[in-house]
Amino acid sequence: MKKIFILLLVFSTLFSQAQGVINNFIIKTSQVVVDALVNEGVSKAGLEDYYGAIDSFNKAIEIDRNNALAFANRSGAKAHIGDVEGALYDANRAIDIDPNNALAYNNRGIVKNYLEDYYGAISDYDKSIALDPKLAGAYNNRGKTKSNLGNFNDAIIDVNKAIEIDPNYAMAYSYRSFIRMHLNYLSNALTDASKAIE
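The model shown is predicted, which means the values in this text are computed figures rather than measured ones.

Undergrad: Let's hear about the nonpolar core: which residues, and what values?
TA: Taken as a class, soluble globular proteins show a tendency for nonpolar side chains to be buried jointly. Val-38, Phe-57, Ala-60, Ala-70, Ala-77, Ala-94 and Ala-104 are the most contacted members of the largest nonpolar core, which totals 18 residues. Contributions of two or more residues to this core are made by α1 (2-46), α2 (50-63), α3 (68-80), α4 (84-97) and α5 (102-114). Counting residues per element, this core draws most heavily on α2, at six residues. Leave out the neighbours within four places in its chain, and Ala-60 touches Val-34, Leu-37, Val-38 and Ala-70. Formed by 15 residues, the second largest nonpolar core is a distinct cluster that contains Ala-136, Phe-152, Ala-162 and Tyr-173.

What follows is the structure in structure tokens.
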């Protein structure tokens, strides 16, 4: 009887250890799948397949409901298709999960700008830039919002910074062209428009 008890104890311990190894493997495998789905979504968004991107982000979130990056990126995709409420919810959810997620603040700023909450948008862009000073989109978006307030001189400073960070940022050149037209720098506006088209 004593031998059977010891044998059961050994098998129980081995089973418990094996179960732990299997659980760790599943967790690691799940994270790999989530990361792949987020990357797939980002790639689809880059190709302007926003519905496909949202589908990929949805799948990632089904596996990991606390993945701030999936929520932040889904927010951006939803903003592109005009789902303002969904974009705002996802940006807020990403910030709740990870208050240091620069992309989430940037995307929430985009939604606030759309809702004409310009000062709220600028506040979010400021936070995004404080968290990631190399996020060119946050500078460009803050410049857009400042121009919505009629502050073209400050707007161009932000757009210039976006171009300094990413010299191939066509959208920033396009927007700087728009701002320069408003400032009556027409030849410079033309140069920027040409650069955006390249």
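Undergrad: Before we move on, could you go through the packing of aromatic side chains and cite the residues and values that matter?
TA: Within this structure, the stated rule accounts for one aromatic pair. Arranged with centres 5.1 Å apart and planes meeting at 40°, the rings of Tyr-175 and Phe-178 form a pair that is tilted. Pair noted here: Tyr-175 and Phe-178 are both in helix α9 (residues 170-182), with a separation of three residues, about one helical turn. The class for Tyr-175 is buried, based on a relative accessible area of 15%.

Undergrad: So, the environment of Asp-98: which residues are in play, and what are the values?
TA: Structurally, the position occupied by Asp-98 is in the loop between α4 and α5. With a relative accessible area of 28%, Asp-98 lands in the partly exposed category. Between the alpha carbons of Asp-98 and Ala-72 there is a distance of 9.9 Å; along the sequence they are 26 residues apart.

Undergrad: Can you tell me about the pattern of salt bridges, naming the residues and giving the values?
TA: Proximity of charged atoms lets side chains of opposite charge pair with each other. The final tally for this structure, using the stated rule, is 13 salt bridges. Where Asp-90 meets Arg-74, a salt bridge forms, and the shortest distance between an N and an O atom there is 2.6 Å. Within this pair, whereas Asp-90 is found in helix α4, its partner Arg-74 is found in helix α3, the two being separated by 16 residues in sequence. Residues Asp-90 and Arg-74 agree in their burial class; the two are buried.

Undergrad: Which residues make up the packing of α9 against helix α10 (residues 186-197), and what values go with them?
TA: The relative placement of two packed helices is expressed as an angle between their axes plus a distance between the axes. Viewed as axis vectors pointing N to C, α9 and α10 meet at an angle of 160°, and their least axial separation amounts to 8 Å. By the angle class used here, α9 and α10 are roughly antiparallel. When you trace α9 past α10, the crossing you get is left-handed. For the pair formed by α9 and α10, the contact residues are Ala-170, Tyr-173, Ser-174, Arg-176, Ser-177, Arg-180 and Met-181 on the first element and Leu-186, Asn-188, Ala-189, Asp-192, Ala-193, Lys-195 and Ala-196 on the second. Its residues assigned to classes, the contact of α9 with α10 shows seven nonpolar, three polar and four charged.

Criteria and thresholds
Residues numbered from 1 in each chain as written. Predicted model: local features only at pLDDT ≥ 70, side-chain atom pairs only at ≥ 80, totals over all residues. Heavy atoms only, no water. Core = buried A, V, L, I, M, F, W, Y, C linked by side-chain atoms within 4.5 Å. Buried < 20%, exposed > 50% of the residue type's maximum accessible area, 1.4 Å probe, protein only. Helix = DSSP H or I, 4+ residues; strand = E, 2+ residues; numbered from the N terminus. Contact = heavy atoms within 4.5 Å. Phe/Tyr/Trp six-rings, centres within 6.5 Å; stacked < 30°, edge-to-face > 60°. Salt bridge = Lys/Arg side-chain N within 4 Å of Asp/Glu carboxyl O. Axes fitted to C-alpha atoms, helices over the stretch in contact; angles between N-to-C directions. Parallel < 35°, antiparallel > 145°, perpendicular 65-115°, else oblique. Left-handed = near helix turned anticlockwise from the far one by under 90°. Nonpolar A, V, L, I, M, F, W, Y, C, P; charged D, E, K, R; others polar.

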